[in-house]
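Chain by chain, the residues run as shown.
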Amino acid sequence: MVIFEKQNERIVLRDKKYYLLTDVGHFAEEYVEIEISKEDAEKVMQDVMYSSQIACNWRNKKRGLL
């Protein structure tokens, strides 16, 4: 169930887990689904720009930088 949607950012609650659906593509749309904590979900709902920080951390973890 989508519980938040703004500026192409969505927060979905599924099986008591929160997911951020965000576009990480630079020149073409590339949407990913990132599992996030309830606290991060609340922060995104207060300030949608926080989703950029979450996506950046996710990308760095994927690349082994964190």
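None of the values given here were measured: they were computed from a predicted structure.

Quick notes on the rules
Residues numbered from 1 in each chain as written. Predicted model: local features only at pLDDT ≥ 70, side-chain atom pairs only at ≥ 80, totals over all residues. Heavy atoms only, no water. Pairing = 2+ DSSP bridges. Helix = DSSP H or I, 4+ residues; strand = E, 2+ residues; numbered from the N terminus. Axes fitted to C-alpha atoms, helices over the stretch in contact; angles between N-to-C directions. pLDDT = per-residue confidence, 0-100.

J.: Looking at this model, I keep getting lost on the sheet that holds strand 3 (residues 17-23). Mind explaining?
T.: Working definition: the strands of a sheet are paired by backbone hydrogen bonds and lie parallel or antiparallel to each other. Taken in spatial order, the four strands line up as 1-2-3-4 in an open sheet, and their pairing is antiparallel. Strands with a single pairing partner mark the edges of an open sheet, and in this sheet they are strand 1 (2-6) and strand 4 (31-36). For this sheet the average axis-to-axis angle between neighbouring strands, irrespective of direction, equals 20°. As paired elements, strand 3 and strand 4 share six bridges and run antiparallel to each other. Paired with leucine 20 across the strands is isoleucine 34, a residue of strand 4.

J.: Just to check I follow, could you spell out the confidence of the model for the protein for this structure?
T.: Any region with low pLDDT has predicted coordinates that should not be read closely. Averaged over every residue, the pLDDT of the protein is 93; residues scoring 70 or more account for 98%. Here helix 2 (residues 50-62) is the element of the protein with the lowest mean pLDDT, 94, and helix 1 (residues 38-46) is the one with the highest, 97.

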